[in-house]
Amino acid sequence: MKRDMLIEEALRSIFSRLHSDIVKSVRIVLESDDVDAFHDLRVAIMRARTLFLLFKKNLKNSSRFSIRFKQYTDATNKQRDLDVFIAGLDSYVLNAEEDIVPLKEILAGERTREHDIVKKIITGNRFLSFLDAWECYFMMDSPCEASEGKREACSVFNEILRKHIKKLRRFRSKGVEANVHKIRIEFKKLRYLMEFSREFAGGEDTEKSIQKLKKIQDTLGVVQDKTSQKTILKQILSRISENESQGCENSAIAAIKAVYSAIKKELKKEKRHTVLLIENLLASNFLKRLTICGDSGNKTA
């Protein structure tokens, strides 16, 4: 690790690793229907976009790349939501008359369609040309603004860390309940920033902070997952209703309604738990203690 690494060198190294992760994951996704490989691809794309968002004042043309990465992230959202939903579907205990098998078949069909869409995108010339342009951006040109590239990475990372911590703490006055989704995204940015800092810093304190941020992100993500699952079921019910009006019947209706009702109850409980968790976090010293390059005692106030 090089604690005196310049920001330009650090960002170039992080971009190179993310580019390699995306190329590798694309190859595996195309060769098989591997859920983990798809997840790795999605995460690498999200990390790349987050890097451009976090360092938008330091990087040239950051908006151009962050917009394109958002488009590719959005294209993977539905499959990701379906993968999570299908994996947890057996946790819903239904009555005997509410056969869950037809619902599983519907979700599996939806997942297959979404997977085909993703495969079409990542094999298209637009996506492949974008990856080439991105590689040229961080390898052949200087990606940083002239006044930023020669600054020490530790200093820039800590500035951004403090900025987003202040943004999070302001939600105490804005109201947590109405901003859970925005707060979840800010915690995700903090986690990614800390993980990116491994390129030139690290240590036991950093790893402990990353693990805690991951747990926070996972907990906050439950509400988002349940909300997405409700939306998926509403869309399926709407399609079934249209078919029924044409004389069609569907045996999955009972299961859909039962699972929807269960998710609705769980979501209400999870929202209360999530709001309380966030309020406690924002009032605690956890955020105040977060630092980068500070494991050797050089803490940032």
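Here the structure is a predicted model, which means the values were calculated and not measured.

Caption draft 1: Region of the structure containing the nonpolar core. Formed by 68 residues in total, the largest nonpolar core has its most connected members in Ile22, Phe55, Trp134, Phe157, Phe187 and Phe200. In terms of residue count, the dominant contributor to this core is helix 2 (residues 35-54) (eleven residues). In this structure, Phe157 is in contact with Ile7, Ile14, Phe55, Leu193, Phe196, Ser197, Phe200 and Ile292, ignoring residues within four places of it in sequence. Residues Ile106, Leu233, Ala255 and Ile263 belong to the second largest nonpolar core, which totals 19 residues.

Caption draft 2: Structural view of the confidence of the model for the protein chain. Taken over all residues, the pLDDT of the protein chain has a mean of 89, while the share at 70 or more is 93%. In the predicted structure, residues 295-301 sits below a pLDDT of 50 and forms 17 contacts with residues beyond four places in sequence or in another chain.

Caption draft 3: Representation of the pattern of salt bridges within the structure. With the rule as written, the count across this model stands at 22 salt bridges. Between Lys189 and Glu186 there is a salt bridge, with the nearest N and O atoms lying 3.5 Å from each other. In this pair, Lys189 and Glu186 both sit in helix 8 (residues 180-196), three residues apart, roughly one turn of the helix. Judged by its relative accessible area of 4%, Glu186 is buried.

Caption draft 4: Structural detail: the packing of helix 1 (residues 7-31) against helix 6 (residues 153-169). Between helix 1 and helix 6, the shortest axis-to-axis distance is 8 Å and the interhelical angle comes to 75°. The orientation of helix 1 relative to helix 6 falls into the category roughly perpendicular. Residues Ile7, Ala10 and Ile14 of helix 1 lie in contact with helix 6, whose contacting residues are Ala153, Val156 and Phe157.

Caption draft 5: Structural detail: the side chain of Ser62. Along the chain, Ser62 falls in helix 3 (residues 62-88). Classification of Ser62 as buried rests on a relative accessible area of 10%. Dropping the residues within four chain positions of it, Ser62 is found in contact with Phe52 and Lys56.

Caption draft 6: Here's a closer look at helix 2. Relative to the 28 Å expected for 20 residues at 1.5 Å per residue, helix 2 spans 28 Å between its end C-alpha atoms, a close match to the ideal helical length. When you tally the buried positions in helix 2, you get 14 out of 20 residues, the bulk of the element. At the N-terminal boundary of helix 2, the capping side chain belongs to Asp34, with an oxygen 2.9 Å from the backbone nitrogen of Asp36.

Caption draft 7: Geometry of the packing of aromatic side chains. In total, this model carries 17 aromatic pairs according to the counting rule given. With a centroid separation of 4.8 Å and an interplanar angle of 35°, the aromatic rings of Phe15 and Phe52 are classed as tilted. Residue Phe15 is found in helix 1, and its partner Phe52 is found in helix 2; the two are separated by 37 residues along the sequence. Each member of the pair, Phe15 as well as Phe52, is classed as buried. Their ring planes at 45° and their centres at 5.7 Å tell us that Tyr72 and Phe130 sit as a pair that is tilted. Within this pair, whereas Tyr72 is found in helix 3, its partner Phe130 is found in helix 5 (residues 125-139), the two being separated by 58 residues in sequence.

The rules behind the values
- Residues numbered from 1 in each chain as written.
- Predicted model: local features only at pLDDT ≥ 70, side-chain atom pairs only at ≥ 80, totals over all residues.
- Heavy atoms only, no water.
- Core = buried A, V, L, I, M, F, W, Y, C linked by side-chain atoms within 4.5 Å.
- Buried < 20%, exposed > 50% of the residue type's maximum accessible area, 1.4 Å probe, protein only.
- Helix = DSSP H or I, 4+ residues; strand = E, 2+ residues; numbered from the N terminus.
- Contact = heavy atoms within 4.5 Å.
- pLDDT = per-residue confidence, 0-100.
- Salt bridge = Lys/Arg side-chain N within 4 Å of Asp/Glu carboxyl O.
- Axes fitted to C-alpha atoms, helices over the stretch in contact; angles between N-to-C directions.
- Parallel < 35°, antiparallel > 145°, perpendicular 65-115°, else oblique.
- Expected span 1.5 Å × (residues − 1).
- Polar contact = N/O pair within 3.5 Å; in protein donor to acceptor, adjacent residues only side chain to side chain.
- Phe/Tyr/Trp six-rings, centres within 6.5 Å; stacked < 30°, edge-to-face > 60°.

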